[in-house]
Amino acid sequence: MEDTQAVAKKEQPTKKSVRITGSEAVVKCLLEEGVDIIYGYPGGAIMPVYDELYKYQTQLHHVLTRHEQGATHAAQGYARISGKVGVAMATSGPGATNLITGIADAQIDSTPLVCITGQVGSHLLGSDAFQETDIIGISTPVTKWNHQVTKASEIPEVIAKAFYIAKSGRPGPVLIDITKNAQFEEFDFSYEKCTSIRSYKPVPEVQTSKVQEAADIINAAKKPLIVWGQGVILGEAEAELKAVMEKAGIPSAWTILGASAIPTSHPLNVGMVGMHGNYAPNKLTNECDVLIAIGMRFDDRVTGNLETYAKQAKVIHFEIDPAEVDKNVKTDVAVLGDAKTSLSALLPLLNENSHDSWLNEFKKLYQVEFEQVIKNDLNPTKEGLTMGEVLKKINEESKGQAAIVSDVGQHQMIACRYAEFNQTKSNITSGGLGTMGFALPAAIGAKMAAPERDVVAIIGDGGYQMTIQELGTIFQTRVPVKIVVLNNDFLGMVRQWQQLFFDKRYASTELINPDFVQIAKGYHIEAKRVSKREELDEAIKEMMASESAYFLEVCVEKEDNVFPMIPTGASVSDIRLS
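Rules behind the numbers
- Residues numbered from 1 in each chain as written.
- Predicted model: local features only at pLDDT ≥ 70, side-chain atom pairs only at ≥ 80, totals over all residues.
- Heavy atoms only, no water.
- Helix = DSSP H or I, 4+ residues; strand = E, 2+ residues; numbered from the N terminus.
- Buried < 20%, exposed > 50% of the residue type's maximum accessible area, 1.4 Å probe, protein only.
- Contact = heavy atoms within 4.5 Å.
- Areas by Shrake-Rupley, 256 points an atom, 1.4 Å probe, with all protein chains shown as cover.
- Lys, Arg positive; Asp, Glu negative; His and termini not counted.
- Charge placed at Lys NZ, Arg CZ, Asp CG, Glu CD.
- Axes fitted to C-alpha atoms, helices over the stretch in contact; angles between N-to-C directions.
- Parallel < 35°, antiparallel > 145°, perpendicular 65-115°, else oblique.
- Left-handed = near helix turned anticlockwise from the far one by under 90°.
- Nonpolar A, V, L, I, M, F, W, Y, C, P; charged D, E, K, R; others polar.
- Pairing = 2+ DSSP bridges.
- 1 Å grid on protein atoms, 1.4 Å probe; cavity = no way out; pocket = protein on both sides within 12 Å on 5 of 7 lines; lining within 4 Å.
- Points joined across faces, edges and corners; volume = space filled by probe spheres on them.
- Domains from an automatic or database assignment.
- Buried area = accessible area lost by both parts, 1.4 Å probe.
- Salt bridge = Lys/Arg side-chain N within 4 Å of Asp/Glu carboxyl O.
- Polar contact = N/O pair within 3.5 Å; in protein donor to acceptor, adjacent residues only side chain to side chain.
- pLDDT = per-residue confidence, 0-100.
- Core = buried A, V, L, I, M, F, W, Y, C linked by side-chain atoms within 4.5 Å.

Enquirer: Mind laying out the overall build of the protein chain, listing which residues take part and the relevant values?
Expert: Along the protein chain, the regular secondary structure elements total 23 helices and 22 strands. Dimensions of the protein chain, computed from C-alpha atoms along their principal axes, come out at roughly 70 × 60 × 40 Å. Looking at the protein chain residue by residue over its 578 residues, the buried ones come to 59%. Partitioning the intrachain contacts of the protein chain with sequence separation of at least 6 by distance along the chain shows that 77% fall at a separation of at least 24. Within the structure as shown, the protein chain displays about 22400 Å² of accessible surface, and the carbon and sulfur contribution to it stands at 50%. Side chains of the protein chain carry 56 positive and 72 negative charges; the gap between the two charge centres is 2 Å.

So, in structure tokens, the structure goes:
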């Protein structure tokens with residue numbers, strides 16, 4: 001924010017003040033913002049706030065994670081499935097720095113978080129005091145906004161501003177660092193929510209002329225293609241996107257973070273774009289005459305070689321963040337604004353249309369992919385289990401209603417490719433940062449935010465061990481998440497690259513793993529291992545029927561690869577099926 005001292009406009013008249021400490025003010029501010037769950041880990045510099053939390057246990061539930069990184073990922077899972085702001089808390093020094101990976105993940109994936117850290121007393125700042133770290137300097141590149149509080153009286157305005165900034169426009173993480181003296185100080189407390197900040201305009205106003213330009217190009221198109229991203233979900237524009245697709249009859253593909261905005265089975269849903277996306281939408285990106293990007297940022301994993309990406313097409317970009325327009329791909333028309341508002345304005349300007357012959361091109365290429373890849377992934381003839389058939393069985397049991405929380409690696413690509421999504425906010429994964437260790441704590445947060453839904457974590461044996469300690473959080477909270485570890489005894493994605501591009505030199509990618517079942521049982525979590533096809537059905541049925549947390553290890557083929565694949569630096573036209 002250019003103007004961090006800007007005076008916020010007030011939502012309501014000033015409330016009567018009461019005299020309290022800064023630490024109690026933190027708790028009261030969170031309650032005013034409707035926070036019901038905090039994920040965190042206590043320590044010396046944040047202890048006064050934790051002392052106040054103890055008094056408010058019936059109103060504000062604190063979840064003790066086993067690592068601060070787990071707290072941020074759990075808060076991300078909570079935010080992604082609920083649409084609300086996730087909250088994480090930690091002490092100074094290593095507690096604060098341990099939050100950074102999750103904060104960076106939230107920044108690049110546009111997840112609204114408010115992270116609160118304790119800090120040494122103001123008089124010790126800059127003295128290299130015990131557990132003092134410049135968390136403001138460290139977090140500046142990976143936060144939407146951050147602020148250090150040194151006086152108790154600053155707390156209400158700063159927290160109000162933090163929640164507004166985190167959730168408004170393109171969401172993101174905010175960090176508030178509060179010195180210990182500010183937590184102890186007393187002041188006259190009152191709270192007013194923030195509704196705007198001078199010089200901060202989170203949602204650009206939609207220009208009618210740009211919407212009309214976009215509509216004219218779409219109406220004249222012979223081979224249009226929509227690629228939507230998470231902006232549709234964040235903007236709650238799923239219904240508007242569906243209406244646009246259906247009225248104009250446009251084949252539509254998605255990025256991994258956009259998955260689940262439109263049901264998998266929708267006839268105009270042609271699959272996933274990107275490095276391990278579907279063959280047809282990748283290949284035909286370079287044959288469409290109009291490319292309509294909605295709430296996506298043209299990430300390099302989607303575009304491949306920019307020099308050859310959609311050069312034949314007119315590009316229309318619907319985007320809330322002006323910084324993303326023309327950053328990677330030059331657009332012909334940019335429609336700035338919230339996706340829901342923009343698509344609502346577009347819909348009446350579109351002609352009723354169908355593009356049956358163009359859609360048939362996608363169907364033909366799907367059949368090519370099905371014969372060469374999908375059939376072997378979902379209905380294998382080889383002896384060993386595949387990751388794809390595990391997802392197929394989960395689909396059958398969940399009827400496409402489960403929220404799938406995936407980690408990072410081969411299993412992530414398989415989960416995104418083969419999970420069936422029948423409702424929005426069902427695909428929760430680490431996209432831009434690619435954070436191994438994300439899924440287990442994120443699944444905890446997702447399940448707590450949506451207790452009525454089945455939440456299934458799909459994790460590789462490598463990423464699982466990065467945050468395996470969060471089994472302790474599951475044990476203590478009794479949160480009934482389902483955990484599936486697809487175990488190939490490798491860092492599978494890296495191994496795949498080593499096989500294809502480094503002459504099978506498997507340098508430091510083979511894993512000697514512990515007994516995962518025994519570890520889970522050590523945390524009093526029901527657990528099972530399967531390695532044979534005839535065991536899989538019953539194990540997944542048992543897992544999905546369980547009312548408690550359940551751990552399932554599935555031993556899969558060690559050297560299976562994920563295809564299709566666009567090699568790094570290659571064109572999307574060069575997508576490989578083997």
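Enquirer: Run through the packing of helix α3 (residues 68-82) against helix α18 (residues 439-449), naming residues and quoting values.
Expert: Contact geometry for α3 and α18: axes closest at 6 Å, N-to-C directions at 40°. If you check the angle between α3 and α18, you find them oblique. Relative to α18, the crossing made by α3 is right-handed. On the side of α3, the interface is formed by G70, H73, A74, G77, Y78, I81 and S82, while α18 contributes P441, A442, G445, A446 and A449. For the contact of α3 with α18, the residue count by class is seven nonpolar, five polar and no charged.

Enquirer: With reference to specific residues and values, describe the sheet that holds strand β15 (residues 314-319).
Expert: Pairing in this open sheet of six strands is parallel, and the strands run β13-β12-β11-β14-β15-β16 from one edge to the other. The sheet is open, and its two borders are formed by β13 (269-272) and β16 (333-336), each paired with just one other strand. Across the sheet, the mean angle separating the axes of adjacent strands is 20° when strand polarity is ignored. Two strands pair when backbone bridges link them, and β15 and β16 are joined in this way by four bridges, in the parallel orientation. Counterpart to E319 in the pairing with β16 is L336. Together, β14 (290-294), β15 and β16 form the strand contacts of helix α9 (residues 208-220), whose direction differs from that of β16 by roughly 135°.

Enquirer: Could you give me a rundown of the packing of helix α1 (residues 22-32) against helix α7 (residues 155-167), with the residues and numbers involved?
Expert: Closest axis-to-axis distance for the α1/α7 pair is 10 Å, and the angle between their directions is 30°. Judged on the interaxial angle alone, α7 and α1 are roughly parallel. Once α1 is placed against α7, the crossing between them reads as right-handed. Residues G22, A25, V26, C29 and L30 of α1 touch α7, and the partners they reach there are I155, P156, I159 and F163.

Enquirer: A description of empty space enclosed by the protein should follow, citing residues and the corresponding values.
Expert: Scanning all chains against the criterion turns up two cavities of 30 Å³ or more. For the largest cavity, the calculated volume is near 70 Å³. Taken together, R80, Q230, I233, L257, K425, N427 and I428 make up the full set of residues lining the largest cavity. Its residues placed into classes, the lining of the largest cavity shows three nonpolar, two polar and two charged. Here the lining of the largest cavity spans two domains, and each of domain 2 (208-361) and domain 3 (379-565) adds at least three residues to it. The space that makes up the second largest cavity amounts to roughly 30 Å³. Forming the boundary of the second largest cavity are I218, N219, A248, I250, N351, N353 and H355. A breakdown of the residues in the lining of the second largest cavity according to their chemical character gives three nonpolar, four polar and no charged.

Enquirer: A description of the domain arrangement of the protein chain should follow, citing residues and the corresponding values.
Expert: The domain boundaries assigned to the protein chain delineate domain 1 (15-189), domain 2 (208-361) and domain 3 (379-565). Relative placement of domain 1 and domain 2: their C-alpha centres are 37 Å apart. Carbon and sulfur atoms supply 53% of the area buried between domain 1 and domain 2, which totals about 650 Å² over both sides. The largest contributions to the domain 1 side of the interface with domain 2 come from R80, D109 and R170, which together make up 64% of the buried area. In this assembly, domain 1 and domain 2 are joined by two salt bridges. One can count four residue pairs in polar contact (both at pLDDT 80 or more) joining domain 1 with domain 2. By residue class, the composition of the side of domain 1 that touches domain 2 is two nonpolar, two polar and three charged.

Enquirer: Quick rundown of the sheet that holds strand β3 (residues 37-40)? Include the residues and the values.
Expert: Strand order in the open sheet formed by six strands is β4-β3-β5-β6-β8-β7, with parallel pairing between adjacent strands. Two strands lie at the open edges of the sheet, namely β4 (61-64) and β7 (145-149), each paired on one side alone. Within this sheet the neighbouring strands show an average axis-to-axis angle of 20°, counted without direction. Here four bridges tie β3 to β4, and the two strands are oriented parallel to one another. Looking across to β4, one finds that I38 is bridged to H62. Lying on the sheet, helix α2 (residues 47-55) is in contact with β3, β4 and β5 (86-90); it crosses β5 at an angle near 125°.

Enquirer: Tell me about the pattern of salt bridges, residues and numbers included.
Expert: On inspection of all chains with the given rule, the structure shows 24 salt bridges. Between D188 and R19 there is a salt bridge, with its nearest N and O atoms 3.2 Å apart. Linking D188 in strand β9 (residues 186-189) with R19 in strand β2 (residues 18-21), this pair joins segments that are 169 residues apart in sequence. Under the relative-accessibility criterion, D188 is labelled partly exposed at 48%.

Enquirer: Tell me about the side chain of N286, residues and numbers included.
Expert: For N286, the position within the fold is in the loop between α12 (279-285) and β14. By relative accessible area, which is 16% here, N286 ends up buried. A polar side-chain atom of N286 sits 2.7 Å from the main-chain amide nitrogen of A310. With residues near it in sequence (within four places) discarded, N286 still touches T308, Y309, A310, Q312, S571, V572 and S573.

Enquirer: So what about the confidence of the model for the protein chain? Which residues, and what values?
Expert: Confidence in the prediction of the protein chain, expressed as mean pLDDT, is 96, and 97% of residues score 70 or more. Contacts from residues 1-13, a stretch scored under 50 in pLDDT, to residues over four places away or in other chains number 33 contacts.

Enquirer: Now, about the nonpolar core: what can you tell me, with residues and values included?
Expert: Residues W228, L291 and V554 are the most contacted members of the largest nonpolar core, which totals 99 residues. Per-element accounting of this core gives the leading share, seven residues, to helix α15 (residues 356-378). Residue contributions to this core reach at least three from each of two domains, namely domain 2 (208-361) and domain 3 (379-565). Formed by 52 residues, the second largest nonpolar core is a distinct cluster that contains A88, A403, I428 and F438.

Enquirer: Summarise the environment of Q119; cite the residues concerned and give the values.
Expert: Of note, Q119 is situated in strand β6 (residues 113-119). The buried category is assigned to Q119, whose relative accessible area is 2%. On a C-alpha basis, the gap between Q119 and F502 in space is 47 Å, while along the polypeptide they are 383 residues apart.

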